[in-house]
Amino acid sequence: MIARNKKEHAELAQEFNRDEDRVNWHDETLWWIREKRDKSAHQIPEWEHLREAASQIKNNVLSNLHNYLLQFEKNAISNGIELHWAANADEHNRIVHRLINEANVVRMVKSKSMLTEECGLNEYLAQHGIEVIDSDLGERIVQLAEEPPSHIVLPCIHKKKEEIGEIFHKHLGIEANISDPQFLTETARQHLRGIFLTRKVALTGVNFAVAETGEFVVCTNEGNADMGAHLADVHIASMGIEKIIPERKHLGVFLRLLTRSATGQPITTYSSHFKTPRDGKKIHIIIVDNGRTVQLGRKDFRNSLKCIRCAACFNTCPVYRRSGGHSYHTAIAGPIGSILAPNLDMKKYADLPFASTLCGSCSNVCPVKIDIHEQLYKWRQVIVKNGYASTTKKAGMQAMTWTLSSPFLYHLAGKAGRWVIKYAPFAVNNKLNPWYKHRDMPASPEWSFSEWYQKNRQN
Amino acid sequence: MKVGLFIPCYVDQFYPGAAIATLKLLEKLGVEVFYPPKQTCCGQPMANSGFEHLTTGCNELFIENFAAFDYIVAPSGSCVLHVRDHLHDDKNPGAAKVISHKIYELTAFLTDVLKVKRLDAKFPHRVGIHQSCHGQRGLHISSMTELVEPEFSKPLSLLQMVSGIDIVELDRKDECCGFGGTFCVTEEAVSVKMGKDRVADHLEHGAEYITGVDMSCLMHMEGILKRQGSKVKVIHIAEILNAR
C-alpha cells in the first residue's frame, strides 16, 4: 500500500528543500527537458497555430461531449469492442475487477494510465487479491519502491540511477552498487518480458479516442502498452470522458504537439491505434467520469479538461522543479494537477492553487492553451469563499484590507513599519518572520515617496 | 497629456528612490505628471491570496484617485497587471474599464505612448535584467522563451539607449524569481530557493546590478544578496534610465 501524505504542499516542499544538492539536480534535470521542448517547438514555425488549433478542437469537444461520446460508443461497439461507463473511481475499479474475474486470473499487467492512479486502482485490486504489475519502466521502479509517481510522464524522475540500482538489487536480484543505466534498463526489460508473456489481462490508458472511427490511440516510448495488449487475451483500456477527439485527422495536430511538449521528441516511439479485437480476444473500454462532468459545469475551470497530459507545465514550473512531485500529494501533480485536484476534493487540496507564484510559464507551454495560472488565481478565490483559508490568514487579510483602504491608516502604518525596521529591528528580524529566515529586510528610508513629494513638489 | 503617477505601496514606503526616478524621468521627457496624494495600494496582495472580495475599498480609492487622468503610469508590471485584469467597481463599472485601458507600466509607456528613441542617461556598469513575470508574461512587455514569436524587449531596448551600460547574458532569461506576493512567506522554502537560483545566474555572469521593472522581485533578490553578503545591488530600471 502506498502511504498518502496528510501534510500540505509548503511543508512537504520545505522537507524536499532540506537537501539542496538534490533540489539542484531535480531542477536541472527537468529544466533540461524544458529546454528540449523549446528547441523542438522552435523548429516548427507554425507552432503557435498548432496550439491554437488543438485548443479549438478541444473546446469543440467539451461543448459537444455528449454527442461525441455517443458517437464513439456506437462506432466502438460496431468494431467489436465492449464498452463500459463508470460514474466514479469506485465503479471503474469494480468493472476492472469484474473483467479480471471473468478472465479467471488473479494477475494483470498495466501500462501507464494516470486515470488508474487517480482511481487508486492498484490499491483496490491489491485489497481483492489481484496482483498488478506496472510495465512502464519508471512506474515499475516507483511501484517496487512503494511510492506514487512524482510526474505523469516521468514517474520516477525524483530517483537517481544509484537509487534505482539499489531498488533492483533489493527486488530483482541484481548485484549491489550498480548504476549503469543500460544495465538497469536491460534488467527491467528481462524482468518485464516474463510478465508480458504470462499475463492474460492487460490494462492500458488511452491518449486519444476517435469519435469518428471508434478507435483509440495509446502513446508510449517503450512499447510496453503494445507488449501487454498484444500478448493478453483481454485488453482493458481506461479513459476519462475528455479523451475524445472528433476525427482521425485531428491526430495530426495532437500527435505533433504531445511529445514535443512532453520531452522534445517529434513523436512518441509508439503511437498505436486499437480498433478491433483479434479473433478470440477481447477489448474493453471503460469510460470514466469521476468528477469531470462537475468540472465541465464550472465555467472558470471547464477548459482544464482540454489537458492531454504532456506534463510540459510540470517541467517549466519553477515551483514544481524545486518542490518535487510528491509535495503535491495527489496523483496528478504540478500546475495542471493544482487546478484539477480541488475539483475532486476542495478541502484536501485547498493548498495546491497557492503552490504557485502565478508566473504564467505553465500557460505558455501548454499545447492546448489552458489558462492554468489564471485558473490557479480563480481557485484561490473559490477556496477562500468556501471557507478553507486559515483563521490567521483571514485575520491578516482583513487587517491589511482596513489599512490599505484608508489613506490615513496606510500612511500611519507605513511610517510605523519603517520606524520599527529602523529603530527596533529585533521586532522583525527574528524567526517569527518567515521573510527573515533566509533574506534580509529592506532598508528603511527616512521618508516615503509621498512624504518627499509633499515636501518637494507641493510647496 | 495629464499623467497620474501610481506608486505601489511598498515602493512608496521602502523604495522612494525608484519612485522619484520615475517622476523625474517622465518630467524630463516632457510629461505633465501628477501624484494623487490619497493613493494606497492596488489590492493585489489580498486578491492573489484569494481575498479579491476584500478589495472593494482599494478599488474605489484607485478609481477616485486616477479616473481623471489621460494615462496612469506605474513603475511596476505586477500592479499594473492587477489593475488591468481585476480592477472593478460594481457601482461604477465603466470607470474601472476605462482605467484598465489607460494604465501603463513605465517601460511600456515610454515605448508605446511616448515612443522614446533616445535617452540622456549614463550608467557605466554591468547589469543583469530580471524579467518580472507579470510585466513579461502578463503585459507582454517582452517576448517569452516558451513562445515561438519574434524576440523583443521594451525594457532592454530602453536600457540599450543608456550610455556605458553593459548588459549581461543569463542562462535562464525569464525564469521567475520566486517572490510571488504572499507566496514569499507562505512557501518560504521554495521562494527562497528560486530567489537564490535567480541571483546565482546574475552573479555567475558578472552582474554588478540586477535591474527590472518590478521592485517586489528586486526586493526579494536584494534580501538574498544582502544575506549572502554580496556587493551586487538591485536597482529599479527607472533609476538607470534616469541616471547621469
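Within each chain, residue numbers correspond to sequence positions counted from 1 in written order. Starting at A for chains and at 1 for ligands, labels are handed out in the order in which the entities are written. Confidence filtering applies because this is a predicted model: local features only for residues at pLDDT of at least 70, side-chain atom pairs given and counted only at 80 or more, and all residues used for totals across whole chains, interfaces and linings.

**A word on the overall build of chain B**
The line we're drawing: Where helices and strands are cited, they refer to DSSP runs of H or I of at least four residues and of E of at least two residues respectively, numbered from the N terminus. Radius of gyration here is computed from C-alpha atoms only, and the compact-globule reference equals 2.2 Å multiplied by the residue count raised to the power 0.38. Each residue is represented by a C-beta atom placed from its backbone, and any two residues with such atoms within 7 Å are regarded as in contact.
Looking only at helices and strands, chain B features 13 helices and 8 strands. Expected size for 244 residues packed as a compact globule is a radius of gyration near 18 Å; at 17 Å, chain B falls within 12% of this value. Along the longest, intermediate and shortest principal axes, the C-alpha atoms of chain B span 50 × 40 × 40 Å. Long-range contacts, defined as pairs at least 24 residues apart, comprise 76% of the intrachain contacts of chain B with a sequence gap of at least 6.

**Topic: the overall build of chain A**
Keep this limit in mind: Neighbour counting defines burial: a residue surrounded by 20 or more other C-beta atoms within 10 Å of its own C-beta is buried, one with 12 or fewer is exposed, and intermediate counts give partly exposed, using backbone-placed C-beta atoms.
A count of helices and strands for chain A gives 21 helices and 10 strands. Overall, the C-alpha framework of chain A stretches about 95 × 55 × 45 Å when taken along its three principal axes. Of all 459 residues assigned to chain A, the portion counted as buried reaches 47%. Intrachain contacts of chain A at a sequence separation of at least 6 include 73% that bridge at least 24 residues.

**Overview of the domain arrangement of chain A**
For the record, the criterion: In this entry, domain limits derive from an automatic or database-based domain assignment.
Looking at chain A, the domain boundaries give domain 1 (9–293) and domain 2 (392–457). Spacing between the C-alpha centres of domain 1 of chain A and domain 2 of chain A amounts to 51 Å.

**Describing unusual backbone geometry**
Negative phi values dominate among residues other than glycine, just as trans dominates among peptide bonds. Residue and element names in this part refer to chain A. Even without being glycine, Ala311 reaches a positive phi, approximately 70 degrees. Among the structural elements, Ala311 can be located in the loop between helix H13 (292–296) and helix H14 (312–316). When the 31 C-beta atoms within 10 Å are taken as the criterion, Ala311 is described as buried.

**What to know about the sheet that holds strand E4 (residues 103–105) of chain B**
Residue and element names in this part refer to chain B. To keep things clear, this is the line we draw: Note on pairing: DSSP must find at least two bridges between two strands before they are called paired. All axes are obtained by fitting lines to C-alpha atoms, using only the stretch in contact for helices, and the reported angles, taken between N-to-C directions, cover 0 to 180 degrees.
Here 4 strands make up an open sheet; going across it, the order is E2-E1-E3-E4 and the pairing parallel. Two strands lie at the open edges of the sheet, namely strand E2 (32–34) and E4, each paired on one side alone. Here the average twist between neighbouring strands, direction ignored, is 35 degrees. With 3 bridges joining them, strand E1 (residues 2–5) and E2 adopt parallel strand pairing. Across the sheet, Val3 pairs through a bridge with Val33, a residue of E2. Sheet strands touched by helix H5 (residues 77–86): strand E3 (71–74) and E4. Its angle to E4, the strand with the most contacts, is close to 155 degrees.

**Considering the domain arrangement of chain B**
All names here are of chain B. This is how the line gets drawn: Polarity classes work like this: nonpolar for Ala, Val, Leu, Ile, Met, Phe, Trp, Tyr, Cys and Pro, charged for Asp, Glu, Lys and Arg, and polar for all others, with Gly in that last group.
When its domains are assigned, chain B resolves into domain 1 (2–113) and domain 2 (126–241). Its C-alpha centre places domain 1 at a distance of 21 Å from the equivalent point of domain 2. Listed by partner, the interface residues are 25 residues for domain 1 and 22 residues for domain 2. Listed by contribution, the elements that provide at least two residues to the side of domain 1 that touches domain 2 are helix H1 (9–14), helix H2 (16–28), helix H3 (44–48), H5 and helix H7 (106–113). Tallied by class, residues from the side of domain 1 that touches domain 2 come to 14 nonpolar, 10 polar and 1 charged.

**As for the interface of chain A and chain B**
Each partner contributes to the interface: chain A provides 57 residues, whereas chain B provides 56 residues. Classifying every residue of the side of chain A that touches chain B gives 30 nonpolar, 19 polar and 8 charged.

**Describing the nonpolar core**
As a reminder, the rule being used: Among buried residues, those of type Ala, Val, Leu, Ile, Met, Phe, Trp, Tyr and Cys that are joined through C-beta atoms within 7 Å form a set called a nonpolar core.
Of all hydrophobic cores here, the largest spans 199 residues; its most connected members are A:Phe216, A:Cys313 and B:Val73. Among the elements that line this core, the one with the most residues is helix H12 (residues 215–227) of chain B, at 7 residues. Beyond its immediate stretch of four places on either side in the chain, A:Cys313 contacts A:Gly334, A:Pro335, A:Ile336, A:Cys362, A:Val365, A:Cys366 and A:Ile372.

**Topic: helix H11 (residues 224–231) of chain A**
An α-helix turns once every 3.6 residues. As a result, residues three or four positions apart point the same way. Every buried residue of H11(A) is listed here: A:Asn224, A:Ala225, A:Met227, A:Gly228 and A:Ala229. Of the surrounding elements, those touching the buried residues of H11(A) are strand E2 (107–110), helix H10 (181–198), strand E4 (201–204), strand E6 (215–220), strand E7 (234–240) and strand E9 (270–274) of chain A.

**What to know about the environment of A:Asp38**
Looking at the secondary structure, you find A:Asp38 in helix H2 (residues 20–42). For the pair A:Asp38 and A:Val365, spaced 327 residues apart in the sequence, the C-alpha separation amounts to 8.8 Å.

**What about the sheet that holds strand E5 (residues 208–210) of chain A?**
Residues and elements named next belong to chain A. Strand order in the open sheet made by the 4 strands is E8-E5-E6-E9, with mixed pairing throughout. Looking along the sheet, the strands with just one partner apiece sit at the ends: strand E8 (244–245) and E9. Of the pairings in the sheet, the one linking E6 to E9 comprises 5 bridges and is antiparallel in character. When the sheet's bridge partners are listed, Val217 is paired in E9 with His273.

**Some words on the pairing of strand E5 (residues 126–129) of chain B**
Residues and elements named next belong to chain B. In terms of strand pairing, E5 meets strand E6 (residues 166–167) through 2 bridges, oriented parallel. Bridge pairing in E6 links Val127 to Ile167. Here E5 runs beside strand E7 (residues 209–212); their pairing, made up of 3 bridges, is parallel. Note that in E7 the partner of Ile129 across the bridge is Thr211.

**Focus on the packing of helix H16 (residues 334–344) of chain A against helix H18 (residues 372–385) of chain A**
Residue and element names in this part refer to chain A. For clarity, the cut-off: Working rule for handedness: look at the near helix, and if it is turned counterclockwise from the far one by less than a right angle, call the crossing left-handed; if clockwise, right-handed.
Contact geometry of H16 with H18 gives a least axis separation of 10 Å together with a crossing angle of 35 degrees. As H16 runs across H18, the sense of the crossing is left-handed. Contacts between H16 and H18 involve Pro335, Ile336, Ser338, Ile339 and Pro342 from the first element and Ile372, Gln375, Leu376, Trp379 and Ile383 from the second. Considering only residue class, the contact of H16 with H18 consists of 8 nonpolar, 2 polar and no charged.

**Let's talk about the environment of A:Phe196**
Looking at where A:Phe196 falls in the secondary structure, it is placed in helix H10. Non-local contacts of A:Phe196, meaning those with residues more than four positions away in its chain, are made with A:Val109, A:Met227, A:Gly228 and A:Leu231.

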